[in-house]
Amino acid sequence: RERMPNAKGFDSFYGTLGGNDSGRIRMYENNEPAGETEDMGGLTRLYTDKALTFLRAQRDRPFFLYVAHTMVHSIVGASAEFRGKSRGGLYGDAVEELDFHSGRLLDALGRLGLRERTYVIFMSDNGGLSTSEGHPTSNLPLRAGKGWPYEGGTRVAWLVSAPGITKPGTTCDTPVISTDYYPTLLQLAGLPAKPAQHRDGVSLLPQLK
């Protein structure tokens, strides 16, 4: 339990503690088991529904919501609503479903009156599975993909909406790294920087501006 999210500063947690490489995942709610599932196609909606419940409950106070989707990873799945709807096979279906449910979260922020005072960051932890036999993807013009040290494996898009700070539709071509997120979020939230907590990163606020 000392390695689970609730012991690492999160007030609440729902999800799995690992990947879905076996095609079955065990769910947890906070520290307690919350069932198992082989329905990979239902996970994106499930996580989004849980996130929406959180947003509605926290709408009147500051919050940090971290949504780490299982899709698209290893064993890919899409719900009946999206299966067969894209031109990219099952992988493409799963990506479109992820896009749709990300939109649900943004729409909810708007309905709750939070859109203009909430910072939203969307990213991936690695490039696509360019050498996978099951669901190959393209990281062009970058070389290779997940599992490789080339840029196709490590360089991903970082999409940010920071009302009052970033200008919509702009692009920054400065390479950054995910260890910079923590000090960036601290500064955005107006919280004190504690070197022992973020010594591996620097605030990206100048890049956001």
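Rules and cut-offs
- Residues numbered from 1 in each chain as written.
- Predicted model: local features only at pLDDT ≥ 70, side-chain atom pairs only at ≥ 80, totals over all residues.
- Heavy atoms only, no water.
- Helix = DSSP H or I, 4+ residues; strand = E, 2+ residues; numbered from the N terminus.
- Rg over C-alpha atoms; globule rule 2.2 N^0.38 Å.
- Contact = heavy atoms within 4.5 Å.
- Areas by Shrake-Rupley, 256 points an atom, 1.4 Å probe, with all protein chains shown as cover.
- Lys, Arg positive; Asp, Glu negative; His and termini not counted.
- Charge placed at Lys NZ, Arg CZ, Asp CG, Glu CD.
- 1 Å grid on protein atoms, 1.4 Å probe; cavity = no way out; pocket = protein on both sides within 12 Å on 5 of 7 lines; lining within 4 Å.
- Points joined across faces, edges and corners; volume = space filled by probe spheres on them.
- Core = buried A, V, L, I, M, F, W, Y, C linked by side-chain atoms within 4.5 Å.
- Buried < 20%, exposed > 50% of the residue type's maximum accessible area, 1.4 Å probe, protein only.
- Phe/Tyr/Trp six-rings, centres within 6.5 Å; stacked < 30°, edge-to-face > 60°.
- Lys NZ or Arg CZ within 6 Å of the ring centre and 35° of its normal.
- Pairing = 2+ DSSP bridges.
- Axes fitted to C-alpha atoms, helices over the stretch in contact; angles between N-to-C directions.

Some points on the overall build of the chain
- On a plain count of helices and strands, the chain comes out with six helices and five strands.
- Moving toward the C terminus, one meets the helices and strands of the chain in the order β-β-β-α-α-β-α-β-α-α-α.
- The C-alpha radius of gyration computed for the chain amounts to 18 Å, which stays within 12% of the reference 17 Å derived for 209 residues, consistent with globular compactness.
- Principal axes of the C-alpha set define a box for the chain whose edges measure 45 × 40 × 35 Å.
- Sequence separation of at least 24 residues holds for 44% of the intrachain contacts in the chain that already meet a minimum separation of 6.
- Approximately 13,600 Å² of the chain is accessible, and the part contributed by carbon and sulfur atoms is 51%.
- The average position of the 24 basic charges and that of the 23 acidic charges among the side chains of the chain differ by 5 Å.

Here's the deal with the side chain of Asn139
- By the secondary structure assignment, Asn139 is in the loop between strand S4 (120-123) and helix H3 (151-154).
- Ignoring anything within four residues of it in the chain, the contact list for Asn139 reads Gly127, Gly128, Ser130, Ala144, Gly145 and Gly152.

Quick look at the layout of surface pockets
- A volume near 920 Å³ is recorded for the second largest pocket.
- Around the second largest pocket, the lining comprises 33 residues; the ones closest to its centre are Ala157, Trp158, Leu159, Cys172 and Val176.
- Elements supplying a minimum of two residues to the lining of the second largest pocket: H3, strand S5 (158-161) and helix H6 (205-208).
- If one sorts the elements of the lining of the second largest pocket by residue count, S5 sits on top with four residues.

Focus: the nonpolar core
- Within the largest apolar cluster, nine residues are counted, these being Ile25, Met27, Met40, Leu43, Tyr47, Met71, Val76, Tyr91 and Ala94.
- If you look at the next biggest cluster of nonpolar residues, it comprises eight residues, including Leu55, Leu109, Leu112 and Leu114.

Here's the deal with the packing of aromatic side chains
- The tally for this structure, following the rule as stated, stands at six aromatic pairs.
- Where Phe54 meets Phe63, the ring centres are 6.1 Å apart and the plane angle is 85°; that geometry is what we call edge-to-face.
- Within the aromatic cluster, the residues linked to one another by ring pairs are Phe10, Phe64 and Tyr66.
- One Lys or Arg, Lys50, reaches over the ring of Tyr14 and ends 4.4 Å from the middle of that ring.
- The ring centre of Tyr150 lies 3.9 Å from the NZ or CZ of Arg143, which sits over that ring.

Section: the sheet that holds strand S1 (residues 14-16)
- If you trace the three strands from one edge of the open sheet to the other, you get S1-S2-S3, paired in antiparallel fashion. In this open sheet, the two strands that pair with only one neighbour each are S1 and strand S3 (32-37). Taken over all neighbouring pairs, the strand axes of this sheet differ in orientation by 30° on average, direction set aside.

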